[in-house]
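Spelled out, the chains give:
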Amino acid sequence: MSNIIIILAIFGWAILTYIAFRLNKTLGNIFVGLIAVALPVYYFTYVPEDYSFQVMGLTLQFGFTSFSSLFAILVVILGALTLLYSIPYMNKKDRLGWFYLNFLFSIGGMLGILMSKDFVSLFIFWEIMTWSSYLIVIFSGKKVNKVGVKYMVYSAIGAYAMLMAIVLINKWSGTTNISHFFETFADYSNGAKILSSLLLLTAFAVKSALMPLHVWAPNAYTNSPMSYTSLFSGALSKMGIYGMALVAIMLYTNTGMKFFGEALAWLGAITAVLATFWAVFQTDIRKLLAYSSIGQLGYIAVGLGIGTELGVMAALFLALLHGLFKGILFMAAGAIEYRTGKTDFSELRGLIWKMPVTFFSALVAIIALAGMPPLSGLISKWLIYEALLSSEHYFLIILIFLSSTAAFLYCFHFLYGVFLGQREDDIEDVKEAPALMLVPMVLMSFGLLALGTFPGLIFKHISSSMSYLGFNDVTWEMSVLTNEWGNKIYLTHLNTMFMVVFAVFFVIITLVARKKTRRVGTKDIANAGEPILAEDNYHFSQDFYKPFWRVISPVMKYRIETFYNSFANGIGEFFQFFRRVYTGNGQTYALYVVIFLTILFIVGATLI
């Protein structure tokens, strides 16, 4: 019963933490710190044991599989680190008991999803995760109607799609067991295959922000406290990836319905390109990272949609990496917001000397995100390209390469707009973030460095998880890049070279160039002899890629959100019209009854 004890312990501790904060803030923070330490310790030391019981004729089954354990590692590690990060970040906020109650319930919901072996249990934990995350999205009390309602509407679409699929699966197979569904899927009629697959895929695509079901994500990510957004983007979105992987691999690939996989791959590629372009033109750090997350999730969908061994391995590897580097970047954004109170690029610059540890962590994450050596992002990008090439998806290669190239633009914008340039006087006294906020970022940064040098540390877990999906011959020889990276690496010298070059340039910049640099005000700039007026903007972070926007704006003006808004307004007008029917006048209602009976009589006479 040790599997289910994890969930019960988290939910119980969440309630105790809420009570502790009601009594004393320090006591509540102690409870948060204890669960942050106990969660990974228990998970990595307990003995797995499946558990099942019957409720109202349904058998609920719990237990981690080799596939779900891969995602559980990410949830546990990132959950523990974000909890530690939250202690100083949230310390000055109100209603902390309510915040941590929902924080822990969302972690418990995710682990419950991963250990559910039947659809009913999965649905229950899915709703726990959704509602707890919704309550954190609206925690600040800002834009509740715009952001919170939109998040719940799309979550409801996914939930009803999943519930409908569960009802149909139970009707067709007589059970809600997930493994049984996959095993008997080939015996379903074509209509049943298509309908159940589309319903499940819709439910999972909503949470993974796959276009065109992504419009809730940018505002939800930016409206949540940054300490939770690290978990939101890094782990909670992976629940959608987890479900899509099951649908795409267990159903489409193993039953010959590869056209669904192709559709998923194309949707992923389109998501990657468009979200990346939107990230390039953002003026707020949080919005940039939000669109960047959506784009990176598109890469993962491409690998899953291809369905080959190499494609799935690339997708799973990138899913884990995304949790790390996006967790770091949202934490860095939170640290900047914590110290400066600002997240707009036009108000930030020159923080590299004020927040050097935050800069180092963000730099490592950016290098990994961009797919540059010597970090692990290079491996994931390489594997995706190689998988596309070996499976002859040449047009998808063009889209992914376009997205990957454009990602360099927003990566540079983030680093330049926040850390480089001349500081303004209002942020001259900024200090580095508190130690408890820096430790999680630094630990994950070293994790990215380690996986870039020794990817075999995680590849063996990916290999084990892929066996659950039906891939029995996963070896390092599948890729020309990883065929020597199982237990040792032959590119250590290359990585060392990159690190030495980085160190040399760092020394030159800090010790030599800095001494020869004269600090001037932002208005002390020559401009071809023309005087600079007070209203003139000479901060390059504003309108950073304006010429690029002029070129691409004709394409970017078409947004699916415009269609959704028009549809919602139409529905609102439709129901507004029918509200006039309820006049409150008894004579009017009597007239309605007469009209209804008349219509009923005419229809009945016609049928006779």
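Residues numbered from 1 in each chain as written. Predicted model: local features only at pLDDT ≥ 70, side-chain atom pairs only at ≥ 80, totals over all residues. Heavy atoms only, no water.

(A) Examining the overall build of the protein chain more closely. Each helix and strand in the protein chain was counted, giving 22 helices and two strands. A burial count over the protein chain gives 54% of its 608 residues as buried. Partitioning the contacts of the protein chain with sequence separation of at least 6, the portion at a separation of at least 24 is 80%. Carbon together with sulfur atoms contributes 66% to the accessible area of the protein chain, which is approximately 27300 Å² in total. (Helix = DSSP H or I, 4+ residues; strand = E, 2+ residues; numbered from the N terminus. Buried < 20%, exposed > 50% of the residue type's maximum accessible area, 1.4 Å probe, protein only. Contact = heavy atoms within 4.5 Å. Areas by Shrake-Rupley, 256 points an atom, 1.4 Å probe, with all protein chains shown as cover.)

(B) View of the nonpolar core. Counting residues in each nonpolar core, the largest one holds 190 residues, and the members touching the most others are Ile107, Leu111, Trp216, Met244 and Phe419. Here this core takes 21 residues from helix α13 (residues 309-340), the largest share from any one element. (Core = buried A, V, L, I, M, F, W, Y, C linked by side-chain atoms within 4.5 Å.)

(C) Here's a closer look at the packing of helix α5 (residues 119-137) against helix α8 (residues 190-207). Close contact between α5 and α8 brings their axes to 13 Å; oriented N to C, the two are set at 25°. By the angle between their directions, the pair α5 and α8 is classed as roughly parallel. You can see that α5 and α8 cross each other, and the crossing is left-handed. Residues Phe119, Trp126, Met129 and Thr130 of α5 touch α8, and the partners they reach there are Leu200, Ala203, Phe204 and Lys207. The class makeup of the residues in the contact of α5 with α8 is six nonpolar, one polar and one charged. (Axes fitted to C-alpha atoms, helices over the stretch in contact; angles between N-to-C directions. Parallel < 35°, antiparallel > 145°, perpendicular 65-115°, else oblique. Left-handed = near helix turned anticlockwise from the far one by under 90°. Nonpolar A, V, L, I, M, F, W, Y, C, P; charged D, E, K, R; others polar.)

(D) Inspection of the environment of Glu309 at higher detail. Along the chain, the position of Glu309 falls in helix α13. For Glu309 and Asn472, which are 163 residues apart along the polypeptide, the C-alpha to C-alpha distance reads 9.4 Å.

(E) Geometry of the pattern of salt bridges. Inspection of the entire model under this criterion finds two salt bridges. Between Arg286 and Glu337 there is a salt bridge; the shortest N-O distance is 3.9 Å. Placement of Arg286 in helix α12 (residues 285-306) and of Glu337 in helix α13 is noted, with a sequence separation of 51 residues between them. Given a relative accessible area of 21%, Arg286 falls into the partly exposed group. Salt bridges sharing common partners tie together Asp284, Arg286 and Glu337. (Salt bridge = Lys/Arg side-chain N within 4 Å of Asp/Glu carboxyl O.)

(F) Local environment of the packing of aromatic side chains. Per the stated rule, a full pass over the model turns up 30 aromatic pairs. Relative to Phe204, the ring of Trp126 lies with its centre 5.5 Å away and its plane at 70°, an arrangement referred to as edge-to-face. Here the residue Trp126 occupies a position in helix α5, and Phe204 occupies one in helix α8, the gap between them amounting to 78 residues. Residue class for Phe204 comes out buried when judged on its relative accessible area of 6%. Seen in terms of ring centroids, Tyr221 and Phe330 are 6.3 Å apart; in terms of plane orientation they differ by 70°. Their pairing is edge-to-face. (Phe/Tyr/Trp six-rings, centres within 6.5 Å; stacked < 30°, edge-to-face > 60°.)

(G) Fine view of helix α3 (residues 66-89). The end-to-end C-alpha separation of α3 is 35 Å, in line with the 34 Å expected for 24 residues at 1.5 Å each. Burial analysis of α3 places 20 of its 24 residues in the buried class, the great majority of the element. (Expected span 1.5 Å × (residues − 1).)

(H) Representation of the packing of α3 against helix α18 (residues 456-468). Between α3 and α18, the least distance of the axes is 6 Å, while the angle of their chain directions is 140°. Taken together, the axis directions place α3 and α18 in an arrangement best described as oblique. Every residue of α18 that contacts α3 at Ser66, Phe67 and Leu70 is listed here: Ile458, His461, Ile462, Ser464, Ser465, Ser467 and Tyr468.

(I) Representation of the environment of Leu320. Counting through the fold element by element, Leu320 comes out in helix α13. Spatially, the C-alpha atom of Leu320 lies 9.0 Å from that of Ile73, the residues being 247 residues apart in sequence. Here Leu320 is in contact with Leu70, Leu74 and Ile458, once residues within four sequence places are set aside.

(J) Local environment of unusual backbone geometry. Positive phi, normally seen in glycine, also occurs at Arg95, with a value near 55°. If you trace the backbone, Arg95 turns up in the loop between α3 and α4 (96-115).

(K) View of a nonpolar patch on the surface. There is a patch of nonpolar side chains on the surface, built from Ile15, Leu16, Ile19, Leu23, Leu27, Ile30 and Leu34 and spanning about 630 Å² of accessible area. The dominant element in the nonpolar patch, judged by the number of residues it contributes, is helix α1 (residues 2-23), at four residues. If you trace the backbone, Ile19 turns up in helix α1. (Patch = residues over 30% accessible without salt bridge, like charges linked within 9 Å, V, L, I, M, F, W, Y side chains within 5 Å.)

(L) How the structure looks around the confidence of the model for the protein chain. Predicted confidence across the protein chain gives a mean pLDDT of 77, with 75% of residues reaching 70 or more. The low-confidence segment residues 485-490, where pLDDT is below 50, has twelve contacts with residues more than four positions distant or belonging to other chains. Across residues 525-529, where pLDDT falls below 50, the model places three contacts with residues more than four positions away in sequence or in other chains. (pLDDT = per-residue confidence, 0-100.)

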